[in-house]
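Take a look at the letters that make up each chain.
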Amino acid sequence: MSASQVLQARNEVTAKLYADPHNPHRHLERGILYEKLGFPDLASADAYRALALLESVIDPDECEFHAKRKVDLPKTEKETNDSDSESEEEDDTVPITQEEYDAIIDKVYVLLVSSLVQCGCYRDAFEFGVRGLALLKANPSAVALLDTQMERVKEIYESRTGSKAELASINPRQLPGQGFARRVLYPWNEHEPDRRSPETLSMLNERLSVIAPKCEVRAVSLPVLHATADDNMDVSIQLGLFAKEDISPDEIILRESSLLTATNRLHDDLCDACNAPLPDLSAAEPPVACEGGCVDIIFCSQACHDTAQEVYHGAICGLEDGLDSIGKDIADPKDKADYLYLLLVGRALAMSATQEKHALDLPEVKYIWGDFHDYDLESPRSSKEATLPFSFQLNVLQPERILDEMGLDPYVELHRFDTWVLNTLYAKFRGTASGRLSTWDGGPELCAVHPLWCLANHSCDPNVTWEWSSEINFRARRDDETAVWAREGEVKDLRPGGIAKDQEILNHYCDIALPVVKRREWASGALGGTCLCDRCVWEAGEV
Ligand SMILES: C[S@@+](CC[C@H](N)C(=O)[O-])C[C@H]1O[C@@H](n2cnc3c(N)ncnc32)[C@H](O)[C@@H]1O
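Throughout, residues of each chain are indexed from 1 in the direction in which the sequence is written. Whole-chain, interface and lining totals are the exception, using all residues; otherwise, since this is a predicted model, local features are given only for residues with pLDDT of at least 70 and side-chain atom pairs are given and counted only at 80 or more. Calculated side-chain values reflect all of the structure's heavy atoms, with hydrogen atoms and water omitted.

Caption draft 1: Broad picture of the pattern of salt bridges. One side-chain nitrogen of Lys or Arg within 4 Å of one carboxyl oxygen of Asp or Glu is enough to make a salt bridge. Enumeration according to the criterion identifies 35 salt bridges in this entry. Residues Arg69 and Glu100 are paired through a salt bridge, measuring 2.8 Å at the closest nitrogen-oxygen approach. Here Arg69, found in strand β1 (residues 68-70), pairs with Glu100, found in helix α6 (residues 98-119); they are 31 residues apart in sequence, far enough to count as distant. Type-normalised accessible area, obtained with a 1.4 Å probe on protein chains alone, sets the label of each residue: buried when under 20%, exposed when over 50%, and partly exposed for intermediate values. Looking at Glu100, the relative accessible area reads 14%, which means it is buried. In this structure, the salt-bridge partner of Arg430 is Asp338, at a minimum N-O distance of 2.8 Å. You can see Arg430 sitting in helix α16 (residues 419-432) and its partner Asp338 sitting in helix α12 (residues 336-355), a full 92 residues away along the chain. The same class applies to Arg430 as to Asp338, namely buried. When salt bridges that share partners are traced, they join Asp250, Arg475, Arg478, Asp480 and Glu481 into one network. Think of it this way: any DSSP run of H or I at least four residues long counts as a helix, any run of E at least two long counts as a strand, and we number them from the N terminus.

So, in structure tokens, the structure goes:
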């Protein structure tokens, strides 16, 4: 099969899967196609869903979702069934049998473990590998295939710990749980707009005129910031914010609030919707509690309460207990930022369910930068594109838990919340979200996407500064706030504050008081490489 035929087959199987979501055969079928297309991350998610469904064949009482498949019933039989049935799906499905389980369980384990290894999720690959080896010990070819994958896991373990490992002695915690997925615009994603089209720009400018009347969104050419200095310089046409007229020093030029926010604080004293501090109970307009059975969900005003119901809270009202158990109490400080992205994805799922709108069509999501590579059908396995952090926990298991806690069946909801949709959300949020640190322990505790604010590009000599409490703003720098350029005893004259008409609004993604080497280190994640702004290039002695 050529790559385009595999892609075509993937699209056909996906349609069948969405119509028959509890059928493990369909999940396995699609997972195999994903592996061929060079998406082991998506393959691992499908293989896992096939496995979870198959487990219900062996242990139906322990499983919430049961494996079954649609069958074409003869019309007369269907009509008879329809009349006394509980639900339509029950009518034309039959349970997956033990024979069917036996026929595919080995393929499911092999696909799951090999695709997790390919992504670099070695911890989960190890755990499923151990389970698979125990279960399939009477199946020599499956054991051989799993053994090959476990050899790779052992190599990683040995390189990390410096000690030779037998499977039984491996401590999975020493294995990496996070790997990478390709950060591409999936060829079947029909939600991504042409961000540079006149229609998109005029729509964004209409929205911007309300919150930043002196600013305009325009297309801009930016250097592509490769990780190595040897790469050829290239440009990328993206969006940026510009001044439509002269802006005075100290002037606030943009104010934006967003409900696409997430916090890992439990029992918060911030408004659930806008994150403003809650007013005193004795205030003229005291905080407003959710009346739908949520104990800890409080809003700073009636307006926030009402907006929240319409925008995201409607679908999760009364479900706080279960949802609060996800992603908040994270022991390892290194994981906190990643879990905040999960919570942001959770908020997007709640928005999507409340508004009955596809998550990738939400106005807060649709137009934001995702830093996607183009998908090249002919060379589908380019590792250069594998830049999106991917873990079995954050991209597969926990989102499934969120949907479950929202009272949704994650299998039935696959047509809306498939793994590729979640990966696309992660790519967009990782490229644009801003974070706030805890005053307790300095760890990240709040993050948000402000869809217009985040259109501003970075410079280490920015002309604005920003503040974020209930809303985020840009304020033009004063004369005494512009960056000082310094190298080897040489200092450049300070640029005056304010922003002239047609100048680009330049934000800063790192602390501009740091020396150039440190600034480049800090900003490289958000920029996708080494900063080449005029100040960095001059301070690093590259001009
Ligand atoms: C938050 S977005 C900024 C808006 C984005 N340009 C857009 O089209 O929506 C961050 C991305 O913009 C690009 N970017 C921002 N500042 C840059 C700079 N100084 N040089 C090169 N690329 C930059 C990088 O690709 C980065 O990942």
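Caption draft 2: The environment of Cys447, seen in detail. Along the chain, Cys447 turns up in strand β12 (residues 444-448). Once the C-alpha coordinates of Cys447 and Leu437 are considered, the two residues, 10 residues apart in sequence, prove to be 9.0 Å apart. Any two residues whose heavy atoms approach within 4.5 Å at even a single point are treated as in contact. Those residues in contact with Cys447 that lie beyond four places of it in its chain are Leu260, Thr261, Ala262, Leu340, Leu344, Ser434, Gly435 and Trp468.

Caption draft 3: Geometry of the domain arrangement of the protein. Each assigned domain of the protein is listed with its residue range as follows: domain 1 (3-180), domain 2 (198-253 + 451-539) and domain 3 (258-369 + 388-448). Placing a centre on the C-alpha atoms of domain 2 and another on those of domain 3 gives a separation of 28 Å. Contact residues are listed per partner, giving 13 residues for domain 2 and 15 residues for domain 3. Take the accessible area each of two parts loses on contact, using a 1.4 Å probe, and add the two losses: that sum is the buried area. Summed over both sides, the interface of domain 2 with domain 3 buries roughly 1,200 Å², with 68% coming from carbon and sulfur. On the domain 2 side of the contact with domain 3, Pro451, Trp468 and Ser470 bury the most area, a combined 45% of that side's loss. At the surface where domain 2 touches domain 3, the tally comes to 0 salt bridges. N or O atoms within 3.5 Å of each other form a polar contact, as long as, within protein, one can give a hydrogen and the other can take it, and as long as residues adjacent in sequence are counted only when both atoms are side-chain atoms. Here domain 2 and domain 3 share 1 residue pair in polar contact (both at pLDDT 80 or more) between them. When residues of the side of domain 2 that touches domain 3 are assigned to their parent elements, the largest contribution, 4 residues, is made by helix α9 (residues 198-211). Bear in mind that the domain bounds are from an automatic or database domain assignment.

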